[in-house]
Amino acid sequence: MKILGICGSPRNGNTEWMVGRVLEAARSAGAETELILLKDEDIKLCTGCLECELHDDTTPGACVIKDDMDALLPKMLAADAFVFGTPVYFYMLSALLKNFMDRTIPVWPLLKGKSAVGVAVAEDTVGKALENLRTYADVCKLEWVGDVSAFASAPGEIASNEGIAAALAGLGRRLVDTVQQ
Ligand SMILES: Cc1cc2nc3c(=O)[nH]c(=O)nc-3n(C[C@H](O)[C@H](O)[C@H](O)COP(=O)(O)O)c2cc1C
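Residues numbered from 1 in each chain as written. Predicted model: local features only at pLDDT ≥ 70, side-chain atom pairs only at ≥ 80, totals over all residues. Heavy atoms only, no water.

**Student:** Would you explain the overall build of the protein chain in this entry?
**Tutor:** Across its full length, the protein chain carries 5 helices and 5 strands. Going residue by residue from the N terminus, the α and β elements of the protein chain occur as β-α-β-α-β-α-β-α-β-α. Projected onto the principal axes, the alpha-carbon positions of the protein chain cover approximately 50 × 35 × 25 Å. Buried residues in the protein chain amount to 47% of all 181 residues. Carbon and sulfur atoms make up 51% of the accessible area of the protein chain, which amounts to about 8700 Å² in all. Here the protein chain holds 17 positive side-chain charges and 25 negative ones, and the gap between their average locations is 2 Å. (Helix = DSSP H or I, 4+ residues; strand = E, 2+ residues; numbered from the N terminus. Buried < 20%, exposed > 50% of the residue type's maximum accessible area, 1.4 Å probe, protein only. Areas by Shrake-Rupley, 256 points an atom, 1.4 Å probe, with all protein chains shown as cover. Lys, Arg positive; Asp, Glu negative; His and termini not counted. Charge placed at Lys NZ, Arg CZ, Asp CG, Glu CD.)

**Student:** Help me understand the environment of methionine 18 in this model?
**Tutor:** Relative to the assigned elements, methionine 18 resides in helix α1 (residues 14–28). Accessibility expressed as a relative area gives 0% for methionine 18, which makes it buried. Sequence spacing of methionine 18 and leucine 72 is 54 residues, and the spatial spacing of their C-alpha atoms is 21 Å. If we skip the residues at most four places from it in the chain, methionine 18 touches Val119, Ala120, Val121, Val148, Ser149, Ala150, Ile158 and Leu168. (Contact = heavy atoms within 4.5 Å.)

**Student:** I'm lost on the side chain of threonine 178 in this one. Help?
**Tutor:** Tracing the backbone shows threonine 178 in helix α5 (residues 164–180). Note on threonine 178: relative accessible area 16%, which makes it buried.

**Student:** Help me understand helix α4 (residues 129–139), please; the structure alone is not making it clear to me.
**Tutor:** Owing to its 3.6 residues per turn, the α-helix aligns residues three or four sequence positions apart on the same side. Considered for burial, the residues of α4 that qualify are Ala129, Leu130, Leu133, Tyr136 and Ala137. The arc enclosing the buried residues of α4, seen along the axis, measures out at 120°, which places them on a common side. Buried residues in α4 make contact with α2 (69–78), β3 (81–87), α3 (95–102), β4 (115–122) and β5 (143–151). Immediately downstream of α4, the backbone of lysine 141 shows phi near 60°, a positive value. (Arc of directions from axis to C-beta.)

**Student:** Could you clarify how one ought to interpret the pattern of salt bridges in this entry?
**Tutor:** Side-chain pairs of opposite charge can arise where the charged atoms are in close proximity. Throughout the structure, instances matching the rule amount to 8 salt bridges. A salt bridge links lysine 39 to aspartate 40; the nearest nitrogen and oxygen atoms lie 3.0 Å apart. (Salt bridge = Lys/Arg side-chain N within 4 Å of Asp/Glu carboxyl O.)

**Student:** I keep staring at the site of the ligand and nothing clicks. Help me out?
**Tutor:** Around the ligand there are 17 residues in total, and Ser9, Thr15, Val88, Asp124 and Ala152 lie nearest to it. One of the backbone N or O atoms of phenylalanine 90 is found 2.9 Å from a nitrogen atom in the ligand. Protein contacts shield 78% of the accessible area of the ligand, which totals 640 Å² for the unbound molecule. Breaking the shell around the ligand down by element, the ones donating at least two residues are α1 and β4. Partitioning the shell around the ligand into residue classes produces 8 nonpolar, 6 polar and 3 charged. (Near = heavy atom within 4 Å. Polar contact = N/O pair within 3.5 Å; in protein donor to acceptor, adjacent residues only side chain to side chain. Nonpolar A, V, L, I, M, F, W, Y, C, P; charged D, E, K, R; others polar.)

**Student:** Help me understand the sheet that holds strand β2 (residues 32–37), please; the structure alone is not making it clear to me.
**Tutor:** Strands in a sheet are paired, the pairing made by backbone hydrogen bonds, and the direction either parallel or antiparallel. Spatially, β2-β1-β3-β4-β5 is the arrangement adopted by the 5 strands of the open sheet, whose pairing is parallel. Two strands bound the open sheet, and with one partner strand each, they are β2 and β5. Going from strand to strand, the sheet's axes swing by 15° on average, the running direction of each strand aside. Pairing of β4 with β5, which is carried by 8 bridges, proceeds in the parallel orientation. Bridge pairing links alanine 122 to phenylalanine 151 in β5. Contacts between α2 and the sheet are confined to β1 (2–7), β2 and β3, with β1 contributing the most and set at about 135° to the helix. (Pairing = 2+ DSSP bridges. Axes fitted to C-alpha atoms, helices over the stretch in contact; angles between N-to-C directions.)

**Student:** What is the right way to look at the nonpolar core in this model?
**Tutor:** What tends to happen in soluble globular proteins is that the nonpolar side chains get buried as a cluster. By size, the foremost hydrophobic cluster in this structure holds 31 residues, and its most contacted members are Ile6, Phe82, Phe84, Leu97, Phe100 and Leu142. Ranked by the residues each element gives to this core, the list is headed by α4, at 5 residues. Ignoring any residue separated from it by four or fewer positions in sequence, one finds phenylalanine 100 in contact with Ile6, Leu38, Ile43, Met69, Leu72 and Met76. Ranked by size, the runner-up nonpolar core spans 22 residues in total, among them Val19, Ala31, Ala81 and Ile158. (Core = buried A, V, L, I, M, F, W, Y, C linked by side-chain atoms within 4.5 Å.)

Quick look at the structure:
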């Protein structure tokens, strides 16, 4: 079982820590995991040309932009499940994660049936960030297994949030259980 973590923070911060805890629990439950830090990837903005649109539901489309999405899209297709993580920006998901989602246009219908969880971290208001992640999952017909949100501001502050590590580990185990069923 392959689980792909996708972290939408532009810094080594709280989101990365949260996604890491979910993946750690998934590994302990037997999954193979990989963490993608979008900040370290070269992912250009979707230009909206729609050249990549799928003509059937079995073959990935081809994006005209040549960048790190060429390697990331096959990883998405090979994964059984995803852990989406975002810092809350203006009560929403981060632009880094949203642009990544936009660039999945060449494959999104092929993700149907995979599983996903989401994590979000805000200073004080999560707003619609988790709803944003769930909406992407709904559009792609992913099975939404659950989500966790937490409050923290400075990078690493999340680690002192009591109980959050257990909640994240529980989410990772539930994700593995769901894929195994
Ligand atoms: C551009 C920007 C917008 C933000 N908007 C919100 C917000 O709407 N609500 C909130 O509670 N925190 C907001 N924050 C604070 C971050 O969500 C918070 O610092 C979080 O811990 C960042 O996660 P990270 O360490 O993974 O980057 C914002 C931060 C930035 C940089």
